[in-house]
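Topology and contacts: notes
Each chain is listed here by its residues.
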Amino acid sequence: MNNHLDTAVITLFSVFVLGVGMLFSRKGNNIKTFFAGGESVPWFIGGLSLFMSFFSAGTFVAWGSIAYKYGWVAITIQWTMCIGALITGFWFAPRWKKTGALTAAEFIRQRLGLKVQKVYIFIFTLVNVFIKGSVLYPVSKLVSTSLHLPLIQTTIGLGFLMISYTAAGGLWAVMVTDILQFVVLTASVFILLPISFDKVGGVESFTKAVPQDFFNLLNGEYTIGFIIAFALYHISYIAGNWTFVQRYTSVNSPNSARKVSFLFAGLYLVSPIVWMLPPMIYKAINPSLQGLDVENAYLYMCQLVLPGGLLGLMLTGMYFSTSASANTALNVVSAIFTNDVYKGIINPNATEQQLMRVARLSSWFFGILMIIIALLIPYAGGIVEVILSIGAVTGGPLLVPSLWALFSKKISGKATLSITLFTLFVNLIFKILLPILFNFKLNRAEEMMLGMGLPILLIVINEFFIQRNKMESSDYTNYLINKKERILQQIPLTIEEELAIKEQNKFGLRVIAGSLMFTALMIFSLSFFTEQAKCLTIAIAAIIMLLAIIPFYVQRKK
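Residues numbered from 1 in each chain as written. Predicted model: local features only at pLDDT ≥ 70, side-chain atom pairs only at ≥ 80, totals over all residues. Heavy atoms only, no water.

**Comments concerning the overall build of the chain**
- Within the chain, the secondary structure is distributed over 22 helices and zero strands.
- Expressed as a percentage of its 558 residues, the buried residues of the chain come to 60%.
- As displayed, the chain has an accessible area near 22400 Å², and 68% of this comes from carbon and sulfur atoms. (Helix = DSSP H or I, 4+ residues; strand = E, 2+ residues; numbered from the N terminus. Buried < 20%, exposed > 50% of the residue type's maximum accessible area, 1.4 Å probe, protein only. Areas by Shrake-Rupley, 256 points an atom, 1.4 Å probe, with all protein chains shown as cover.)

Encoded structure:
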């Protein structure tokens, strides 16, 4: 491992990404372009961005530790994300686009009322900042361990870099870096995988060296009950998480929103196999990892086989995959605060200049909160415990009732809020109070089934009892009336605004093309520092250079 070369790669790419964010700082001049790309983002860009927004170093640390410990079940768990995306594409993504809302919070206010929106904004912001802050921790740990840097300073530095380009460039800056780090990470893994198989002695040696149950679809505490509950969780999460809803509303039509989700599903059908094989191979090389040390299995595999520079490339991909997940959340939380709190409640008559100032300042505020949370993760039991526990406790109560409101004409704001608060309360009792008071703790499957099953059950019961009343809820009636009024009062975009949106999107595609060329040249230059993977590295650089033609061609057609 060459620390100087790895550090140089990380620094160079980080400076480049920050520069990309600054390029967009003058392009997002109103909240619709800053937060939604003018609602004309190409669907394939939105789909790749959605995929990488779901991705993070937590994927390598959390799922990688499960892959090392239990094997193929880590892939089975991630296939539930493919199921969730398919169902979202068929039913939910087009429905979100048809609402005409800029954010999920805006729809909740329109459909369920201001009171419900306020409660949801508070809970969502708290949960989302905590989750995305938690995924900043594992990549900081990976970088600090690999380059022998202090963890706290590394976390703060990486966090501030993430905030900088998100606050500067808005949604397009986020999506361009999403595409970049997707390419970098994919290139890194396709270099890592064959070298790893070569290190272990081939596929046959690998399969003989691991436990007999290593390739079972289910293993350990990850039972069929857990997988079913986790699939339900991912249906609601991918369909209803406010971060992902932004990807469905930022494209130009319901059909494009559907394509965004289907592209995500296709990527999550294939990618878990590629991502999870390296820590599984490391199990055959070194089966002795214990405790929280299993979270480093992916890193140890990278350190073992990747030459100098290519390890830095892998760490760069891990960091920017994490920042993709975190800065997407940061962009959405800032959008909600700016559009639904500041403009909707505090200052309805705010000018575009005021809104843009609030948007950037709120990005910094919530980003700093994420850094603080990342620093606290080691004291909360590790990344796997944090991610799965938060998902089990909050996923169903927050997402299921509001998703049902997309379809139901009868559910009211009062019923939605009651179901959310009651199920959150029950989940917290089982997660926190019962283990402390009575030493009673649910296992992973039971915890997830309670978290998803209870809100679904209460919604079914609510629909059953109000079914006798043939009238629509007053909240739904008001929603339809107000929607018609908004359509009538909607001020069409001026020619200048339409041209600005088109120019921003063409500019974004040109930046993607240029960024891919830069990435290809950087990877090609690293081929001079390695003998083992020289030809493979050159081939991948050539492929990325060819891929740069696609966004350049699309922007020319626009």
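Read on for the rest.
**Quick look at the packing of helix α5 (residues 73–99) against helix α10 (residues 224–240)**
- For the pair α5 and α10, interaxial distance at closest approach is 7 Å and the crossing angle is 35°. Like other packed secondary-structure pairs, α5 and α10 cross with a definite hand, here right-handed. Residues T76, I77, T80, M81, G84, A85, I87, T88, F92 and W96 of α5 lie in contact with α10, whose contacting residues are F226, I227, F230, A231, H234, I235, I238, A239 and G240.
- A class-by-class count of the residues in the contact of α5 with α10 yields 13 nonpolar, six polar and no charged. (Axes fitted to C-alpha atoms, helices over the stretch in contact; angles between N-to-C directions. Left-handed = near helix turned anticlockwise from the far one by under 90°. Contact = heavy atoms within 4.5 Å. Nonpolar A, V, L, I, M, F, W, Y, C, P; charged D, E, K, R; others polar.)

**Remarks on empty space enclosed by the protein**
- Considering all chains together, one arrives at three cavities of 30 Å³ or more under this definition.
- One number sums up the size of the second largest cavity: a volume of about 120 Å³.
- Taken together, 14 residues make up the lining of the second largest cavity; nearest its centre are F124, V127, N241, L398 and L399.
- Among the secondary structure elements, those contributing two or more residues to the lining of the second largest cavity are α7 (114–147), α10 and α16 (383–404).
- Class assignment of the residues belonging to the lining of the second largest cavity gives a composition of nine nonpolar, five polar and no charged. (1 Å grid on protein atoms, 1.4 Å probe; cavity = no way out; pocket = protein on both sides within 12 Å on 5 of 7 lines; lining within 4 Å. Points joined across faces, edges and corners; volume = space filled by probe spheres on them.)

**A look at the environment of G89**
- Turning to its location among the elements, G89 is positioned in helix α5.
- Once the C-alpha coordinates of G89 and A257 are considered, the two residues, 168 residues apart in sequence, prove to be 7.4 Å apart.
- If near-sequence neighbours (up to four positions away) are discounted, G89 is found in contact with P94, R258, S261 and F262.

**Overview of the packing of α10 against helix α11 (residues 242–249)**
- Where α10 meets α11, the axes come as close as 6 Å, and the angle between the chain directions of the two elements is 55°. Between α10 and α11, the angle falls in the class oblique. Seen from α10, the contacting residues are Y237, I238, A239 and G240; seen from α11, they are W242, F244, V245 and Y248.
- By residue class, the composition of the contact of α10 with α11 is seven nonpolar, one polar and no charged. (Parallel < 35°, antiparallel > 145°, perpendicular 65-115°, else oblique.)

**Notes on the pattern of salt bridges**
- Throughout the structure, instances matching the rule amount to two salt bridges.
- Measuring nitrogen to oxygen at the nearest pair gives 3.0 Å for the salt bridge that ties E204 to K208. Pair noted here: E204 and K208 are both in helix α9 (residues 203–209), with a separation of four residues, about one helical turn. K208 shares its class with E204; the two are exposed. (Salt bridge = Lys/Arg side-chain N within 4 Å of Asp/Glu carboxyl O.)

**A word on the nonpolar core**
- Core analysis: the biggest nonpolar cluster contains 159 residues, and Y298, L306, M314 and M318 have the highest contact counts within it.
- Broken down by element, the residue count for this core peaks at 18 residues, all from helix α8 (residues 151–200).
- Apart from the residues within four sequence positions on either side, M314 is in contact with F60, L185, S188, V189, L192, Y298, C302 and L306. (Core = buried A, V, L, I, M, F, W, Y, C linked by side-chain atoms within 4.5 Å.)

**Quick look at α10**
- Helix length check: α10 (17 residues) gives 24 Å between terminal C-alpha atoms against 24 Å at 1.5 Å per residue, within 8%.
- With respect to burial, α10 is a largely interior element, 14 of its 17 residues being buried. (Expected span 1.5 Å × (residues − 1).)

**Some points on the side chain of S408**
- If you trace the backbone, S408 turns up in the loop between α16 and α17 (413–438).
- A polar contact is formed between the side chain of S408 and the backbone nitrogen of I411, at a distance of 3.1 Å. (Polar contact = N/O pair within 3.5 Å; in protein donor to acceptor, adjacent residues only side chain to side chain.)

**A closer look at unusual backbone geometry**
- Although it is not a glycine, N439 adopts a positive phi angle of roughly 55°.
- Following the sequence through the fold, N439 ends up in the loop between α17 and α18 (444–466).

**Some details on a nonpolar patch on the surface**
- A contiguous nonpolar surface patch, about 780 Å² in accessible area, is contributed by I152, I156, F160, W364, F365, I368, L369, I372 and L376.
- With six residues, the single largest contributor to the nonpolar patch is helix α15 (residues 352–376).
- For F365, the location among the structural elements is in helix α15. (Patch = residues over 30% accessible without salt bridge, like charges linked within 9 Å, V, L, I, M, F, W, Y side chains within 5 Å.)

**A look at helix α21 (residues 534–547)**
- With 14 residues, α21 ought to run about 20 Å at 1.5 Å a step, and its terminal C-alpha atoms sit 20 Å apart, in line with that.
- What α21 keeps buried is the set T537, I540, A541 and I544. The buried residues of α21 all sit within an arc of 100° when viewed along its axis, so they share a single face. Relative to its buried face, α21 has exposed residues pointing more than 90 degrees away, namely C535 and L546. (Arc of directions from axis to C-beta.)

**Focus: the packing of aromatic side chains**
- For the structure on display, the rule yields 31 aromatic pairs.
- Ring plane angle 90° and centroid distance 6.1 Å describe the contact between W43 and F44, whose orientation is recorded as edge-to-face.
- An angle of 45° between the planes, with centres 5.8 Å apart, marks the rings of F160 and W364 as tilted. Here F160, found in helix α8, pairs with W364, found in helix α15; they are 204 residues apart in sequence, far enough to count as distant.
- For W364, a relative accessible area of 30% gives the class partly exposed.
- The structure contains a cluster of three or more aromatic residues connected by ring pairs, namely W63, Y70, Y222, F226, F230, Y233, Y237 and F244. (Phe/Tyr/Trp six-rings, centres within 6.5 Å; stacked < 30°, edge-to-face > 60°.)

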